[in-house]
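Residue-level structure breakdown
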Amino acid sequence: MRKPLLSTGLRWLWLVLVLIVIDFGSKQWVMNNFMLHQSMSVMPSLNFFYAHNYGAAFSFLADKGGWQRWFFAGIAIAIAVALLVMMYRTPASLKLNNIAYALIIGGALGNLFDRAYHGFVVDFIDFYIGDWHFATFNIADCGITIGAVLIVLESFLSPSGKQEKQKG
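Residues numbered from 1 in each chain as written. Predicted model: local features only at pLDDT ≥ 70, side-chain atom pairs only at ≥ 80, totals over all residues. Heavy atoms only, no water.

Some points on the nonpolar core
If you look at the biggest cluster of nonpolar residues, it comprises 15 residues, and the most contacted ones within it are Leu83, Met87, Ala102, Leu103 and Ile105. Among the elements that make up this core, the one with the highest residue count is helix 3 (residues 95-118) (6 residues). If near-sequence neighbours (up to four positions away) are discounted, Ile105 is found in contact with Val16, Ala80, Leu83, Leu84 and Met87. Among the nonpolar cores identified, the runner-up in size contains 9 residues, and Phe34, Tyr50, Phe124 and Phe137 belong to it. (Core = buried A, V, L, I, M, F, W, Y, C linked by side-chain atoms within 4.5 Å. Buried < 20%, exposed > 50% of the residue type's maximum accessible area, 1.4 Å probe, protein only. Helix = DSSP H or I, 4+ residues; strand = E, 2+ residues; numbered from the N terminus. Contact = heavy atoms within 4.5 Å.)

Brief notes about the side chain of Asp23
Topologically, Asp23 is positioned in helix 1 (residues 13-33). The exposure class assigned to Asp23 is buried, which follows from its relative accessible area of 1%. A polar atom in the side chain of Asp23 sits 2.8 Å from the side chain of Lys27. (Polar contact = N/O pair within 3.5 Å; in protein donor to acceptor, adjacent residues only side chain to side chain.)

Some thoughts on the pattern of salt bridges
In the structure shown here, the tally under the stated rule is 2 salt bridges. Here Lys27 ties to Asp23 by a salt bridge, and the two come within 2.8 Å at their closest N and O atoms. One end of the pair is Lys27 and the other is Asp23, both in helix 1 and 4 residues apart, which spans about a single turn. By the burial criterion, Lys27 is buried, and Asp23 matches it. We note a salt bridge from Asp114 to Lys27, for which the minimum N-O separation is 2.9 Å. Placement of Asp114 in helix 3 and of Lys27 in helix 1 is noted, with a sequence separation of 87 residues between them. Through salt bridges with shared partners, a single network forms among Asp23, Lys27 and Asp114. (Salt bridge = Lys/Arg side-chain N within 4 Å of Asp/Glu carboxyl O.)

Description of the UniProt feature "active site" (unreviewed entry) in the protein chain
The feature "active site" (unreviewed entry), as annotated in UniProt, sits at Asp123 and Asp141 in this numbering. Maximum C-alpha separation among the annotated residues is 9.0 Å over a sequence range of 19 residues, consistent with a single clustered spot. Relative to the helices and strands, Asp123 resides in strand 3 (residues 121-129). Look at Asp123 and you get buried, because its relative accessible area is 3%. (UniProt positions renumbered as here; feature names shortened; annotations may be inferred.)

Some remarks on the packing of aromatic side chains
Think of a pair of aromatic rings as described by two things: how far the centres are apart, and how the planes are tilted against each other in angle. All told, the structure shown has 9 aromatic pairs when counted by the stated rule. Judged by centre distance (5.5 Å) and plane angle (10°), the ring pair of Phe113 and Tyr117 falls under stacked. With a gap of 4 residues between them, Phe113 and Tyr117 both fall in helix 3, about one helical turn apart. Since its relative accessible area comes to 61%, Tyr117 is described here as exposed. (Phe/Tyr/Trp six-rings, centres within 6.5 Å; stacked < 30°, edge-to-face > 60°.)

Written as structure tokens, this is what we have:
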């Protein structure tokens, strides 16, 4: 028996689109207004710094000759499909889970577009303290990270959520 889509977590797919639009727009703005490796101070401990990331988080596998582009693209597609299935199986009422899944999907697809179109991911947020700089990242990465934190947070806040999922 099919269930109405709006009763499932797919009700939250609009959030995927919002994240993709914000991510795409911010990356376009950076590419149109900065030269590669150009930096602009935004506030203390925060710069915009235009960078190309050919790898994954922290430039993991960035120097491996190009195969990693398709490897990470495949991972992004697999994660997006798996989370879409999870959203379909999760009741819409479990907001925190579905918001988390949507943020991760939006972030994965935002970076997937960059990999497929440019061959690299556009990063531009440079957080630092003193001389220490965190890895440069983007809005899609923020969505993935916030989504992952929400999943962990939800597991601590709602142990009964697992029972609700099994009923739904």
